[in-house]
Amino acid sequence: MEATSNQNLLRRVLGAVVFAARRPLSARDIRALFQSAEADGGEAAAWANLSEAEITAALDQLRIDCEAAALGVQLAQVAGGYRFQNDPVGGLWVRRLLGADRPARLSRPALETLAVIAYRQPVTRADIEAVRGVSVDHVIPVLMEMQLVRIVGRSDLPGRPMLYGTTTAFLEHFGLKDIKDLPGIEELARIELRRAQAAKPEAADPPDAAALPPQEEKEPQS
Amino acid sequence: MVQDECRVQLEVFEGPLDLLLYLIRKEEVDIYDIPIERITTQYMEYLGLMRMLDLNIAGEFIVMAATLMMIKSRMLLPEEDRPALEPEEEDPRWDLVRRLVEYKKFKEAAEHLLQREILQENVFPHGGEPTAPSVEPDPSLALENISLFDLLAAFNQALKRIQTEDLTEIFAEQFTVADKIEEILLRARGGRPLAFSSLFREAATRHEIVCTFLALLELVRLRQVTVRQEADFGDITIWSAERAPV
């Protein structure tokens, strides 16, 4: 009985915190918040003992509760955190209310380029062009300006070409939890990189490394 | 072919792999067993159309044409006479097939991203500002569920219809792309869809068809009209931009 009501309390507090936040909050963010009150002692201090796993479990339960209640509001996992957002069903009216225009959509070449970057990151321009069979010179600046893509380092190939990866804004734009949330990421990342592969066998070797979120700078290879 | 008054600078952002995948789909052939002769002929036909229209196409199109020709000639050789470039590469088509299959997977991934993007258009986060970065219309043609090659195919049909009547060209009046832009806008203004074929029904000459088609591409690029195709390889309709269904 006691445990159930504690769970209930935790869920309500989490809902309140995520609701008030102005950005997606991760379980880690929330744990840090709870721990920041530890020194105050008293009732607040008890919250500092909650683990990230307990917080995540409660958030997930809250997400399920919201969905079951069909409130028109969802607790969504986006870009590594939780946030409240409207049910897409009401999107038309929310847009009208906010006076927002329907945003232009990305073009096919832009989407394809983005797909190659997302699945294969970090990648060079040559890697992308090897897949698309055509130059991406006009697309990359557009994606960079929209901050969907960023330079994550430089390759060790001759000329040290730049390596591109996706950004948090990319995850938000497509409503993705993290990069592994992309369907079929295992398979698409694993198809060997032709051409580029020949030049950097070690980089292409562990396929899972390519599927990970962009690193700041690639490890220099010997 | 295209006279000066018809000149429109149109950049093509599709590449040769897009054209090949389009032809494979259209001809309903097996990607792992491409009838290279047939596909090469078609590829050259579309390349010819794009050149006739003076579209700015990537140099990669020419490289691919050469590749196709080479594969075709190697296929003609008896198997034992083929140059043994790489031992495991017995079928001269193999490298191309691999590229096509890989690219096709990414096209599907891009399609999935598009579906997510459409869903996210209707999602607004609580608390924060709208997070979606404003999308700059990039310079490519605003084609949604239709490819440039679908348009070229329809254009080709219109051309073929007129081919036998070429003689009338001498008497026909000359049109400019600008004239045709006005005409299309006027006809699409009612908000009702305009059938692609109806644009060319009264066209008397190749020149007129070319001008009309270039006018259409220009209007699409300027986002004044949108072009739709309800079924795969089905009829194409033209909608004035502000009236197009979502």
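Residues numbered from 1 in each chain as written. Chains lettered and ligands numbered in written order. Predicted model: local features only at pLDDT ≥ 70, side-chain atom pairs only at ≥ 80, totals over all residues.

1. Brief notes about the overall build of chain B
Now for step 1: The secondary structure content of chain B amounts to eight helices and three strands.
Now for step 2: The order of α-helices and β-strands along chain B, N terminus first, is α-α-α-α-α-α-β-α-α-β-β.
Now for step 3: Restricting to contacts in chain B with at least 6 residues of sequence separation, those with at least 24 account for 74%. (Helix = DSSP H or I, 4+ residues; strand = E, 2+ residues; numbered from the N terminus. Contact = placed C-beta atoms within 7 Å.)

2. A few points about helix 1 (residues 16–26) of chain B
Now for step 1: Those residues of helix 1 of chain B that sit buried are B:Pro16, B:Leu17, B:Asp18, B:Leu19, B:Leu20, B:Tyr22 and B:Leu23.
Now for step 2: The secondary structure elements touched by the buried residues of helix 1 of chain B are helix 7 (125–132) of chain A together with helix 2 (36–52), helix 3 (60–76), helix 4 (94–120) and helix 5 (148–162) of chain B.
Now for step 3: Just downstream of helix 1 of chain B, B:Glu28 is the residue with a positive phi angle, here 50°. (Buried ≥ 20, exposed ≤ 12 C-beta atoms within 10 Å, placed from the backbone.)

3. Topic: the nonpolar core
As a rule of thumb, nonpolar side chains are buried together in soluble globular proteins.
Now for step 1: Ranked by size, the top nonpolar core spans 101 residues in total, and within it A:Leu114, A:Ala115 and A:Leu143 carry the most contacts.
Now for step 2: Here this core gets ten residues from one element, more than from any other, and that element is helix 8 (residues 206–221) of chain B.
Now for step 3: Excluding anything up to four places from it in sequence, A:Leu143 contacts A:Ala110, A:Thr113, A:Leu114, A:Leu148 and A:Val149. (Core = buried A, V, L, I, M, F, W, Y, C linked by C-beta atoms within 7 Å.)

4. Thoughts on helix 8 of chain B
All names here are of chain B.
Now for step 1: Over its 16 residues, helix 8 runs 22 Å from end to end, which matches the ideal 22 Å to within 8%, given 1.5 Å per residue.
Now for step 2: When you tally the buried positions in helix 8, you get 13 out of 16 residues, the bulk of the element.
Now for step 3: Remark: Arg 223 follows helix 8 within two positions and exhibits a positive phi of approximately 60°. (Expected span 1.5 Å × (residues − 1).)

5. Examining the domain arrangement of chain A
Residues and elements named next belong to chain A.
Now for step 1: We note that the domain assignment places domain 1 (2–98) and domain 2 (108–211) within chain A.
Now for step 2: Contacts between domain 1 and domain 2 engage five residues on the former and six residues on the latter.
Now for step 3: Looking at the side of domain 1 that touches domain 2, its residues break down into three nonpolar, two polar and no charged. (Domains from an automatic or database assignment. Nonpolar A, V, L, I, M, F, W, Y, C, P; charged D, E, K, R; others polar.)

6. Examining the packing of helix 6 (residues 108–120) of chain A against helix 4 of chain B
Now for step 1: In contact at an axis separation of 8 Å, helix 6 of chain A and helix 4 of chain B are set at 105° when each is read in the N-to-C sense. Between helix 6 of chain A and helix 4 of chain B, the crossing angle belongs to the class labelled roughly perpendicular. Between helix 6 of chain A and helix 4 of chain B, the residues in contact are A:Arg108, A:Leu111, A:Glu112, A:Leu114, A:Ala115, A:Val116 and A:Tyr119 and B:Phe106, B:Lys107, B:Ala109, B:Ala110, B:Leu113 and B:Leu114, respectively.
Now for step 2: For the contact of helix 6 of chain A with helix 4 of chain B, the residue count by class is ten nonpolar, no polar and three charged. (Axes fitted to C-alpha atoms, helices over the stretch in contact; angles between N-to-C directions. Parallel < 35°, antiparallel > 145°, perpendicular 65-115°, else oblique.)

7. Thoughts on unusual backbone geometry
Residue and element names in this part refer to chain A.
Now for step 1: Geometrically, the link from Gln 121 to Pro 122 is a cis peptide bond, its omega value of -5° lying close to zero.
Now for step 2: Of note, Pro 122 is situated in the loop between helix 6 and helix 7.
Now for step 3: Even without being glycine, Gln 147 reaches a positive phi, approximately 60°.
Now for step 4: Within the fold, Gln 147 resides in the loop between helix 8 (139–145) and strand 3 (149–154).
Now for step 5: Even without glycine at this site, Arg 160 takes up a positive phi of about 40°.
Now for step 6: Relative to the assigned elements, Arg 160 resides in the loop between strand 3 and strand 4 (162–166).
Now for step 7: On the neighbour-count criterion, Arg 160 (11 C-beta atoms within 10 Å) is exposed.

8. Some details on the interface of chain A and chain B
Now for step 1: The interface is formed by 50 residues belonging to chain A together with 40 residues belonging to chain B.
Now for step 2: Counting only elements with at least two residues in the side of chain A that touches chain B, the list comes to helix 1 (2–20), strand 2 (81–86), helix 5 (91–98), helix 6, helix 7, helix 8 and helix 9 (168–173) of chain A.

9. As for the sheet that holds strand 3 (residues 236–240) of chain B
Residue and element names in this part refer to chain B.
Now for step 1: Pairing is antiparallel in the open sheet, where three strands are placed in the order 1-3-2. Lying at the two open borders of the sheet, with one neighbouring strand each, are strand 1 (194–195) and strand 2 (225–229).
Now for step 2: As paired strands, strand 2 and strand 3 are joined by five bridges and run antiparallel to one another. Within the sheet, the bridge partner assigned to Val 227 lies in strand 3 and is Ile 238.
Now for step 3: Contacts from helix 6 (residues 177–188) reach strand 1, strand 2 and strand 3 within the one sheet, and its direction differs from that of strand 3 by about 85°. (Pairing = 2+ DSSP bridges.)

10. As for the environment of B:Ala66
Now for step 1: Relative to the helices and strands, B:Ala66 is located in helix 3.
Now for step 2: Put simply, B:Ala66 and B:Gln42 are 24 residues apart on the chain and 14 Å apart in space, counted from C-alpha to C-alpha.

11. Focus: the packing of helix 5 of chain B against helix 8 of chain B
All names here are of chain B.
Now for step 1: Relative to each other, helix 5 and helix 8 sit at 165°, their axes nearing to 9 Å. In this view, helix 5 runs roughly antiparallel relative to helix 8, as classed from their interaxial angle. With respect to the hand of their crossing, helix 5 and helix 8 are arranged in right-handed fashion. Where helix 5 abuts helix 8, its residues Phe 155, Ala 158, Leu 159 and Ile 162 lie against Arg 206, Ile 209 and Phe 213.
Now for step 2: Considering only residue class, the contact of helix 5 with helix 8 consists of six nonpolar, no polar and one charged. (Left-handed = near helix turned anticlockwise from the far one by under 90°.)

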